[in-house]
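Structural characterization, general
Listed here are the chains, written in short residue letters.
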Amino acid sequence: MNLFREVWQSIVRRDPLSTDKGKSELVFHNVWLHIHPAKVKKENLRFRYTFYLGFITFFLFLILLTTGIALMFYYRPYPPVAYQDMKDLQFVVFMGSFLRAMHRWAAHAMVVCVFLHMCRVFYTASYKKPRQFNWVVGVLLLLLTLGLSFTGYLLPWDQLAYWAITVGTNIGSYAPIIGGQLREILLGGHTVGEAALIRFYVLHVAILPSLVILLTIVHFWRIRKDGGLSRPLWKLKAKKTEALVTIGAPADVAPLKTVAASQDKTYGLMEVVTGKPIFETITPEEEEDAVFSYPYAFFREAIALMVTVTSIMAISLYFHAPLEEMANPAKTPNPAKAPWYFLGLQELVSHSALLGGVVAPALMVLALLAIPYFDRNPSRRPGDRKWAIWLFTIFVVANLVLIVIGTFFRGPGWAFVPPWVHVVARAE
Amino acid sequence: MGRKLPPIFFALSMLALVLIVIAVWQSSTPSWKNYQRQYFQLEAQGEPNAVAKAAVLATPPQIHQILLPGLQRVDRCTTCHLGVDDPTMKNAPEPFRYHSGLAPHVPSKFGCTICHGGQGLATDVKDAHGNVPFWQDPLLAKDYIRASCGRCHKEGDVPGVPELTEGRRLFETEGCHGCHKLNGVGGSIGPDLTAEGANHRSPEWLEHHFLAPNVVSPGSAMPNFHFTRGQARALTYYMLSLTNADMGSYYSSVRLIPSPDYGRQLFVEKDCIVCHSIGGVGAKVGPDLLGVIKRHSPAWLDEQLINPQLVYPGSTMPEYDLDTNSRKALVAFMATATARDATEIVAHRSNKLTPEDVAIEAGKRDFARFGCAGCHGTELQGGVPNPNAQGGQVPSLLHVSDDYTKDEIIEIIRNGKVPPLDNAAGPTPPLYMPSWKKLMSDEDIHKIVEYLWSKQQKAKDSW
């Protein structure tokens, strides 16, 4: 029994969790948890402010990593065995259908949650100074998520996969000068074939996930370094922000920054450098308002995790991942559609290839990346930023409307059809 | 705040556990395990002693699959259809019943789906039988299964499937090639039929289509050939058998079945009657072949056909370089041949042709081979409806010499011709004369023209 305790204490070297010291040590003695602060502001925990969308996205990514690695044991990335492996997952592999369904639905959910997370960050103005760069990292993560979903789309090697990728890469090829070459490099040829499958596979299981992991680390790290989870700063009492403090400069040089007194707490590297940090800090008054991460934040995160996992599992039990006929380059479905999140672009392409293939996607990405640097309005109060909110809402609604039209209202020949046509076609 | 958090977390964890258990349960109780259990019980009934019974019942359930790389498929049908090759299951209920009359097409070498269709990879009833979305090759209805024989047996008669032979014959004689390409030969007015069987149209659709093309696909240029039901069925069989899938050398090497008919064809081709007689009819250089099968074993005859010198040193019989199935076919023919066969063969042989007749005969064959008869009729009578073309139908060829010179006709065959319109404002007629210069050699065209001229009726005759 003594030995058991000795082993346990060699692993967990902290005071009991009943003490404040123990609660703090749980966080900063643990390599996995120390990205958290030991204490968090109560208002950071409010569900209605963040909806925990960042966490949910991260948890979906964890589900995708685990199910994805499990699926790799059963998948060979060359046609036509790739398709046969899908059939084997469905008919022979123990829990194979369930595994593939979880991977599929979690992937779709992640695309949705990344987008919703971005909307939340925009509407709460959390991209503003000092968090501009983390917004940029977030936009890159959005693009990587779309890339992961898109490359994964091809792997089942069925008609859905084949033609979605054919159409998707065609949209990209409208870009002037580089478009065609980009497509050729991505596909390893002029059409989707064996070479494209192995390239998409390597991107899907090695390159893109590694980049996502690297950028996620930066994303999380910057949350801490930029002053912790975002919160409705404009609701803080005005008197705290009245006084201004000069920071970031030795005596004989021009000051780096003048900030509100509410941000004047110093985490200095004592005796090494002088100056004050550029991030939101917790004032002594607010400090009293903070609670220990354990158990308040950790249990909330754990509940978010369990809600995410159980939802995906429950959906996967009753809805199998779709699998159509084997890819057949000679038989084009009508209409051939890109993955749903690119259907807005395809809808635009149907009106103008230049608009949907080049102008719209390029502008969207550039605009998203530039938002924190163009929005010079320092206020985060919704009432002060009506223009920004209106513009972003139009952007979101336009995207949604185009995607809905492309998904439900487009039939053979990209003609306009009522959505119930698809239901009837499915039933036949 | 926070008091309720641990219980909620605990409840959610329990929910996750329940979901995992459901998933495991779902995966561990597939329907095929039930079928195997029933089969083992069926088997155990026949076992005499308790030990053997227990052993049968304790067989662990497992998926059975037949890997068929040569046919590019994996068939798991025998996971449930466990009695297919067990004759004691002759009277067992489905899905366990014995499949009689299979030899030589044993499931272990051929699987099931190559003949029956369906989804071999699947292991539950609905998916396996293929009546599910996104599986294009569902189980063939009983009436059409025999069409599958033609997938491997691409030439020659298939015993028990006269429809296939009839379908192939109709395709040639009715001139389908005129509009349809098959293995690279044929016109381009209708769709290429090289892989029609892989298009997975339903047999009923095909049969209906042959009876009334315009009813099934409105606006089709295909004329109604007024086929009988039997002919439509035969053509449907042929269409179903057309796949350009590579059947693998093992399967395609046996495509010619050594039937007596095929043997007789070889007998004529190799002119055996020049030396041999049957029942006294024919030449007397070699031995008479009537009853030769009683004097020698099939193996001996086979050896003789491979190398006559080896069996009879000094024999004057030449070596013919025949493949195994050709030799088997010849032996099969010899076993059934009578003096009457010989008389027919001799009579046909003595019917000598002049060189001109030979050219005309070749032209007639080309006329059929390239499918000209499809539109212009087997007797050159034309008459296939072609709306809005002058005369409203494809022209007869019985009077071309009145209107054209040979050179003009050669030109039309080479470059094709769009028929003059009846009503200039009307729609384009569905049928037209395609350009044949890429498919026919000049020699072919000349022969066809000779044939046409041989059939011309003088103007005065037709009045």
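Keep in mind that this is a model prediction, so the values were computed, not measured. (Residues numbered from 1 in each chain as written. Chains lettered and ligands numbered in written order. Predicted model: local features only at pLDDT ≥ 70, side-chain atom pairs only at ≥ 80, totals over all residues.)

What about the overall build of chain A?
Selection criterion: Numbering of helices and strands starts at the N terminus; helices are DSSP runs of H or I of at least 4 residues and strands are runs of E of at least 2. Contacts are defined on C-beta atoms placed from the backbone: any two residues whose C-beta positions lie within 7 Å are in contact.
In terms of helices and strands, chain A carries 17 helices and four strands. Taking all contacts inside chain A whose residues are at least 6 apart in sequence as the whole, residues at least 24 apart take part in 70%.

Quick word on the overall build of chain B
Worth spelling out the cut-off: Working definition of burial: number of other C-beta atoms within 10 Å of the residue's own, with buried at 20 or more, exposed at 12 or fewer, and partly exposed in between, all C-beta atoms being placed from the backbone.
What chain B contains, in helices and strands, is 24 helices and four strands. Along the three orthogonal principal directions, the C-alpha set of chain B runs to about 110 × 80 × 35 Å. Looking at chain B as a whole, 28% of its 463 residues are labelled buried. For chain B, contacts bridging at least 24 residues in sequence account for 60% of all contacts bridging at least 6.

Quick word on helix 10 (residues 194-225) of chain A
Residue and element names in this part refer to chain A. Spelled out, the test is: Helix span, as expected, comes to 1.5 Å for every residue beyond the first.
Taking 1.5 Å per residue as the helical rise, helix 10 with its 32 residues ought to reach 46 Å, and the 45 Å between its terminal C-alpha atoms agrees with that figure. Inspection of helix 10 places Ala196, Leu197, Phe200, Tyr201, His204, Val205, Leu208 and Val212 among the buried residues, and these make up the whole buried set. Contacts from the buried residues of helix 10 go to helix 4 (53-72), helix 5 (81-91), helix 7 (132-154) and helix 9 (178-187). Backbone geometry just downstream of helix 10 places Gly227 in the positive-phi region, at approximately 115 degrees.

Some thoughts on unusual backbone geometry
Residues and elements named next belong to chain A. Note that the residue after Pro79, namely Pro80, is joined by a cis bond; omega there is 0 degrees. When you line up the elements, Pro80 lands in the loop between helix 4 and helix 5. Cis peptide bonds are those with omega within 30 degrees of zero, and the linkage from Lys129 to Pro130 qualifies with 10 degrees. Positioned with a positive phi, Tyr52 is a non-glycine residue whose angle comes to about 55 degrees. Counting through the fold element by element, Tyr52 comes out in the loop between helix 3 (47-50) and helix 4. Unusually for a residue other than glycine, Ile177 sits at a positive phi of about 60 degrees. Within the secondary structure, Ile177 is located in the loop between helix 8 (159-172) and helix 9.

Details of the nonpolar core
Defined as follows: A set of buried Ala, Val, Leu, Ile, Met, Phe, Trp, Tyr and Cys residues, joined through C-beta atoms within 7 Å, is what we mean by a nonpolar core.
Ranked by size, the top nonpolar core spans 78 residues in total, and within it Leu60(A), Met102(A), Ala106(A), Met110(A), Trp157(A) and Ala161(A) carry the most contacts. At 15 residues, helix 6 (residues 96-123) of chain A tops the list of elements feeding residues into this core. Setting aside residues no more than four positions away along its own chain, Leu60(A) makes contact with Ala106(A), Ala109(A), Met110(A), Cys113(A) and Thr308(A). Among the nonpolar cores identified, the runner-up in size contains 19 residues, and Val158(B), Phe171(B), Cys179(B) and Tyr237(B) belong to it.

Observations regarding the confidence of the model for chain A
Residue and element names in this part refer to chain A. Here is the rule: The score called pLDDT rates the predictor's confidence residue by residue, from a low of 0 to a high of 100.
Mean pLDDT over chain A works out to 86, with 85% of the residues at or above the 70 mark. Taken element by element, the predicted model of chain A shows its lowest mean pLDDT in helix 11 (residues 238-242) (47) and its highest in helix 4 (97). Ignoring residues within four places in sequence, the model shows residues 237-242, a span with pLDDT below 50, making eight contacts including any to other chains. In the model, residues 261-270 has pLDDT below 50 throughout and makes 19 contacts with residues more than four positions away in sequence or in other chains.

Re the interface of chain B and chain A
This is how the line gets drawn: Nonpolar residues are Ala, Val, Leu, Ile, Met, Phe, Trp, Tyr, Cys and Pro. Charged residues are Asp, Glu, Lys and Arg, and all others, Gly as well, are polar.
Taken together, the contacts link 22 residues of chain B with 23 residues of chain A. Classifying every residue of the side of chain B that touches chain A gives 16 nonpolar, six polar and no charged.

A short note on the environment of Phe133(A)
By the secondary structure assignment, Phe133(A) is in helix 7. Once the C-alpha coordinates of Phe133(A) and Leu369(A) are considered, the two residues, 236 residues apart in sequence, prove to be 9.2 Å apart.

Some remarks on the packing of helix 8 (residues 162-173) of chain B against helix 11 (residues 229-241) of chain B
Residues and elements named next belong to chain B. Note the threshold: The angle between two axes is taken between their N-to-C directions and runs from 0 to 180 degrees, where each axis is a line fitted to C-alpha atoms and a helix contributes only its stretch in contact. Throughout, the term roughly parallel applies to angles under 35 degrees, roughly antiparallel to angles over 145, roughly perpendicular to angles from 65 to 115, and oblique to all others.
Where helix 8 contacts helix 11, the axes come no closer than 7 Å and their chain directions differ by 90 degrees. Here helix 8 lies roughly perpendicular to helix 11, going by the angle between them. Taking contact as the criterion, the partners of Glu163, Leu164, Glu166, Gly167, Arg168, Leu170 and Phe171 in helix 8 are, on helix 11, Gln231, Arg233, Ala234, Leu235, Tyr237, Tyr238 and Ser241. Each residue belonging to the contact of helix 8 with helix 11 can be placed in one class, and the counts come to seven nonpolar, three polar and four charged.

What to know about the environment of Met89(B)
All names here are of chain B. Secondary-structure assignment places Met89 in the loop between strand 2 (73-75) and helix 4 (107-110). For Met89 and His99, which are ten residues apart along the polypeptide, the C-alpha to C-alpha distance reads 8.8 Å. The contacts of Met89, once residues within four sequence positions are left out, are Gly83, Phe96, Arg97 and Tyr98.

Quick look at helix 17 (residues 324-336) of chain B
Helical periodicity: at 3.6 residues per turn, an α-helix aligns residues three or four positions apart in one direction. Across its 13 residues, helix 17 of chain B extends 19 Å between first and last C-alpha, which sits within 8% of the 18 Å expected from 1.5 Å per residue. Every buried residue belonging to helix 17 of chain B is among Ser326(B), Arg327(B), Lys328(B), Ala329(B), Leu330(B), Val331(B), Ala332(B), Phe333(B) and Met334(B), and all of these are buried.

A word on the confidence of the model for chain B
Within chain B, residue pLDDT values average 85, and 96% of them lie at 70 or more. Within chain B, the lowest mean pLDDT, 47, falls on helix 24 (residues 459-462) of chain B, and the highest, 95, falls on helix 1 (residues 5-28) of chain B.

A closer look at the packing of helix 2 (residues 31-45) of chain B against helix 3 (residues 50-57) of chain B
All names here are of chain B. We count it as follows: Here a crossing is called left-handed whenever its near helix is offset anticlockwise from the far helix by less than a right angle, and right-handed whenever the offset is clockwise.
Remark: helix 2 packs on helix 3, axes separated minimally by 8 Å, with the N-to-C direction vectors making an angle of 165 degrees. As the angle between them shows, helix 2 and helix 3 are arranged roughly antiparallel. Note that helix 2 runs across helix 3; the crossing there is right-handed. Taking contact as the criterion, the partners of Phe40, Glu43 and Ala44 in helix 2 are, on helix 3, Lys53, Val56 and Leu57. Of the residues belonging to the contact of helix 2 with helix 3, the class tally is four nonpolar, no polar and two charged.

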